[in-house]
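Here's the letter readout for the chains.
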Amino acid sequence: MCQMRYAVISDIHGNLQALEVVLHDISSRGIDAILCLGDVVGYGPEPNECIARLQAEHILTLAGNHDWAVIGRLDLDYFNPLAREAILWTRHVLIPEGRAFLESLPLQHRVGEILAVHGSPRNPIHEYVLDGNTALANFLFCDFQICLVGHSHIPGVFTYMGEGRVASHQLPEASPFELSPDHRYILNGGSVGQPRDGDPRAAYLILDTALRSATLIRLDYPVRETQQKMLKAGLPWPLAERLVYGL
Ligand code: ZN
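First, a word on what this report is: a plain description of the structure on this page. Since this is a predicted model, take the numbers as computed values, not measurements.

### A few points about the packing of aromatic side chains
- If you walk through the whole model with that rule in mind, you get three aromatic pairs.
- Here the aromatic rings of Phe139 and Phe144 are separated by 5.6 Å at their centres, their planes lie at 35 degrees, and the arrangement is tilted. Assigned by exposure class, Phe139 and Phe144 land together as buried.
- Relative to Tyr185, the ring of Phe177 has its centre 6.4 Å away and its plane inclined at 85 degrees; by these criteria the two rings are edge-to-face.
- You can call Phe177 buried: its relative accessible area is 16%.
- Above the face of the Phe144 ring, Arg184 is positioned so that its terminal group lies 4.8 Å from the ring centre.

Pasting the structure below:
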């Protein structure tokens, strides 16, 4: 494994306030590369601005289900009514450059033993890795050492210890989680723009391949500003309200 410090960001969902805070934090930590695991848009009020920010930073970005829905690659029936409304709003405001960016996003990225996807290795767009059985199926599906996922907006780690044994752990905040060379891992660093683990702070992950560790970072951001922009944009109020609770 080449020795790198990655910042792994995911599920920005058009929340520029959260993205700016996260990128600022990343810039102070000696990171070699940033990976974005998709769902750049959907829910939040500034899809074009978030896309422009990722492009300006040359951040390698993967496709998520909301990105695909906005460009018409995924049926809206997959989404609940509020998510659908936000997707339709995003379609309406998306500029051609933003659309071209979303259309260009790959489904996965592989560097050596590290695989990055939005949902899961066997179903990058749709599948949530939330339980041991789903994690096991994905450990057996292909041969990554470390798989980086988003999609659920819930930080955590699944560890494969061989012979069908999977353990799940929470990632401690700001404290490195050690990655043994003898085990395999599925890591989720949570969501930048719409956390759902009961903590409203923006989340991202630092993967250090030299130290073999993963560190979850949580950051306060001005939630009120995002909410006000959502109201002004006419996005559904419950989507703004949930940001306060991280749900
Ligand atoms: Zn998402």
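### Observations regarding the side chain of Asp25
- You can see Asp25 is positioned in helix α1 (residues 16-27).
- For Asp25, a relative accessible area of 13% translates into the label buried.
- Polar contacts involving the side chain of Asp25 include one to the side chain of Tyr204, which spans 2.6 Å.
- Excluding residues within four positions of it along the chain, Asp25 makes contact with Tyr204, Ile217 and Leu219.

### What to know about the pairing of strand β4 (residues 108-111)
- Strand direction decides the pairing type here: β4 and strand β5 (residues 114-117), joined by four bridges, are antiparallel. Looking across to β5, one finds that Arg110 is bridged to Leu115.
- The hairpin turn running from β4 into β5, its antiparallel successor, is two residues long, and Gly112 in that turn takes a positive phi close to 55 degrees.

Conventions used here
- Residues numbered from 1 in each chain as written.
- Predicted model: local features only at pLDDT ≥ 70, side-chain atom pairs only at ≥ 80, totals over all residues.
- Heavy atoms only, no water.
- Phe/Tyr/Trp six-rings, centres within 6.5 Å; stacked < 30°, edge-to-face > 60°.
- Buried < 20%, exposed > 50% of the residue type's maximum accessible area, 1.4 Å probe, protein only.
- Lys NZ or Arg CZ within 6 Å of the ring centre and 35° of its normal.
- Helix = DSSP H or I, 4+ residues; strand = E, 2+ residues; numbered from the N terminus.
- Polar contact = N/O pair within 3.5 Å; in protein donor to acceptor, adjacent residues only side chain to side chain.
- Contact = heavy atoms within 4.5 Å.
- Pairing = 2+ DSSP bridges.

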